[in-house]
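# Structural description and commentary
Each chain, written out:
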Amino acid sequence: MRKYNLKKRFKRARARSRAMARRRRKHSINYISPMKIGVVCVIAFLVMIFATRATGIFKENVVEINLTAQDAEMYIGEDKPVFVAEVSCEGDTEIILDEDTGFTIQNLIDELNSGTGYTLESDGDGSETGEYEIKAELTSAVSTPLNTDWFDKVKINTKPGTLKVKEIDEEYMASVEAKKNRPMIALTFDDGPGKYTMKLLDALEENHAQATFFMLGQNVEKYEDEVAKMKEIGCELGNHSYDHPKFPKLSVDEMKAEINNTNGAIEAITGEPASVLRPPYGLINEEVKQNVEMPMILWSIDTLDWKTKDTQATIDHVLANVSDGDIVLMHDIYETSVNAAIELIKKLQDQGYYLVTVSELAASRGYELVKGEKYFGFYNE
Ligand code: ZN
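Here's what I pulled together on the structure shown here. Computed from a prediction, not measured in an experiment: that's the story for all the values here.

## Overview of the coordination of the zinc ion
Note on metal geometry: ideal angles are 109.5 degrees for four donors arranged tetrahedrally and 90 or 180 degrees for six donors arranged octahedrally. Distances from the zinc ion to its protein donors, Asp191 (OD), His240 (NE2) and His244 (NE2), fall within 2.1 Å. Sequence positions of the donors to the zinc ion reduce to the motif D-x48-H-x3-H. Here Asp191, found in the loop between strand 10 (184-190) and helix 6 (197-206), pairs with His244, found in the loop between strand 12 (236-239) and helix 9 (252-270); they are 53 residues apart in sequence, far enough to count as distant. Taken individually, Asp191 and His244 each receive the classification buried, so the pair is uniform in this respect.

Below, the structure is given as structure tokens:
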């Protein structure tokens, strides 16, 4: 009996302790059901995704591009300088961002380097001295893919620069004086724009040179991109009538219509009418002077490019005759003239000449352009 009871008691005790252990396990922190593991994994995953997106701390393989607005300086009252940014990157720039087009990080950098994809703005407008932040901001065309499709491949860090607006000082006065005295020439082109004009504008832009274009209204309407580009790169827009008549043979109303129609066509593209006028053939009489209501710009060097249609002859004529303050007449409707002009830009710059617009040449020599007056060149006394 005793033996039997012991055995039974032992069995019961063992069953009890197993049940207790089961209960303990069930409620203890050491016991985790597969269901719980699943939930925890999902939460952890979501947290990680969020952290990755929000902070980028897990983006170890993301290539970083730095877009840094460069510091700029200006004197009070001057035109705001053109802000520029520097783009740098140390990662692998061959990584493809868009499989369909093969667009790489290097392509993105090239775009940034060409000035697209971001804006640079400053609160400083140059009317008060002080230091102002130059803010670099990505356009949505770039920021949207950066936050979505490209987020695990590339990021762009924008860094601000500083615009310093300075009080006018002796250094400034000296630079104004130096600018006034440096040799300058105004290249001018008549009768366009035409099909070679864009090539000429590209050459001017590349060499940081400016020119003045005396345009026919009827061509302005055909070459809108060219006219917009002239304005964009700082060239001067001039009026050369609508369809090239001899002004002294027109009535005053007809002449005014020729001028106004062309100014209207230019204004429709650039927002401003022409600043200077060159009457066709340079023909001016008293009635023209009284009624044009614009300063009239003639020339001191006539290349006769329209007659010779000879690139080398045009180049030689300018180089043999040019001097500081001259206004050179050419026609951008001829390929030979445009090719000559492209050569001349480099050759004249090599000789130390600055290629400027008519108005800049006049202003730097202290001339104020007067309506109805005619000018042939602007020389230092
Ligand atoms: Zn002409």
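## Quick word on the packing of aromatic side chains
Applying the stated criterion across every chain yields a total of 5 aromatic pairs. Plain terms: the ring middles of Tyr367 and Phe378 are 4.9 Å apart, the flat faces sit at 70 degrees to each other, and that makes the pair edge-to-face. Highlighted residues: Tyr367 in the loop between helix 14 (358-364) and strand 18 (374-375) and Phe378 in the segment after strand 18, separated in sequence by 11 residues. Ring pairs connect the aromatic residues Tyr367, Tyr375 and Phe378, which therefore count as one cluster. Here Lys246 stacks its cationic end above the ring of Tyr281, 5.4 Å away from the centre of that ring.

## Remarks on the sheet that holds strand 1 (residues 63-69)
Sheet strands associate in pairs through backbone hydrogen bonding, adopting either a parallel or an antiparallel arrangement. The strand order across the open sheet built from 3 strands is 3-1-8, with neighbouring strands paired in mixed fashion. Strands with a single pairing partner mark the edges of an open sheet, and in this sheet they are strand 3 (85-89) and strand 8 (154-159). Direction aside, neighbouring strands of the sheet carry axes that sit 20 degrees apart on average. As paired elements, strand 1 and strand 3 share 5 bridges and run antiparallel to each other. Of the residues in strand 3, the one forming a bridge with Ala69 is Ala85. Sitting on the sheet, helix 3 (residues 105-113) touches strand 1, strand 3 and strand 8, and the angle it makes with strand 1 is about 5 degrees.

## What about the side chain of Thr93?
Inspection of the secondary structure assignment puts Thr93 in the loop between strand 3 and strand 4 (96-98). Aside from chain neighbours lying at most four places away, what touches Thr93 is Thr104, Ile105, Gln106 and Ile109.

## Quick notes on the sheet that holds strand 6 (residues 118-122)
Pairing in this open sheet of 4 strands is mixed, and the strands run 2-9-7-6 from one edge to the other. Two strands close off the open sheet at either side, each with one partner strand: strand 2 (72-75) and strand 6. Across the sheet, the mean angle from the axis of one strand to that of its neighbour is 25 degrees, orientation sign disregarded. Bridge analysis of strand 2 against strand 9 (residues 161-166) gives 4 bridges, and the strand direction is parallel. The residue bridging Ala72 from the neighbouring strand is Leu163, located in strand 9.

## Side note on the environment of Glu293
Topologically, Glu293 is positioned in the loop between helix 10 (286-291) and strand 14 (296-297). For Glu293, a relative accessible area of 52% translates into the label exposed. For Glu293 and Val370, which are 77 residues apart along the polypeptide, the C-alpha to C-alpha distance reads 8.7 Å. Ignoring anything within four residues of it in the chain, the contact list for Glu293 reads Lys256 and Lys371.

## Quick look at the pairing of strand 16 (residues 327-331)
In terms of burial, strand 16 is a largely internal element, 5 of the 5 residues being buried. Here strand 16 shows a buried face lined by Ile327, Leu329 and His331 and a second buried face lined by Val328 and Met330. Two strands pair when backbone bridges link them, and strand 10 and strand 16 are joined in this way by 5 bridges, in the parallel orientation. Note on strand 16: the bridge partner recorded for Thr188 is Leu329. With 2 bridges joining them, strand 15 (residues 301-302) and strand 16 adopt parallel strand pairing. Bridge assignment links Ile301 to a residue of strand 16, and that residue is Val328.

## What to know about the pattern of salt bridges
Overall, the coordinates contain 7 salt bridges when judged by the stated rule. Lys229 serves as the salt-bridge partner of Glu205, at 2.8 Å between the closest nitrogen and oxygen. Here Glu205 is found in helix 6, whereas its partner Lys229 is found in helix 8 (residues 224-232), with 24 residues between them in sequence. Of the residues examined, Glu205 reaches a relative accessible area of 35% and is grouped as partly exposed. Overall, the relative accessible area of 14% leaves Lys229 in the buried class. Look at the salt bridges and you will find they share partners, linking Asp202, Glu205 and Lys229 into a network.

Procedures and definitions
Throughout, residues of each chain are indexed from 1 in the direction in which the sequence is written. Given that this is a predicted model, residues contribute local features only at a pLDDT of at least 70 and side-chain atom pairs are listed and counted only at 80 or more, while totals for whole chains, interfaces and linings are drawn from all residues. No hydrogens and no water enter the side-chain calculation; it runs on all heavy atoms of the structure. Because water is not among the atoms used, a metal site may look incomplete, as its donors are only the N, O and S atoms within 2.8 Å, or 3.2 Å for Na, K and Ca. Think of it this way: any DSSP run of H or I at least four residues long counts as a helix, any run of E at least two long counts as a strand, and we number them from the N terminus. When a residue's accessible area, from a 1.4 Å probe over protein chains only, is under 20% of the maximum for its type it is buried; when over 50% it is exposed; and in between it is partly exposed. Note on ring pairs: Phe, Tyr and Trp rings are taken, using the six-membered ring of Trp, and paired if centres are within 6.5 Å. Classes follow the plane angle, with under 30 degrees stacked, over 60 edge-to-face and the rest tilted. Here, a charge over a ring is recorded when the distance from Lys NZ or Arg CZ to the ring centre is within 6 Å and its angle to the ring normal is within 35 degrees. In this scheme, strands are said to pair when DSSP sees at least two bridges between them. Fitted lines through C-alpha atoms serve as axes, helices being fitted only where they are in contact, and the angles separating the N-to-C directions of these axes extend from 0 to 180 degrees. In what follows, a contact means two residues having at least one pair of non-hydrogen atoms within 4.5 Å. One side-chain nitrogen of Lys or Arg within 4 Å of one carboxyl oxygen of Asp or Glu is enough to make a salt bridge.

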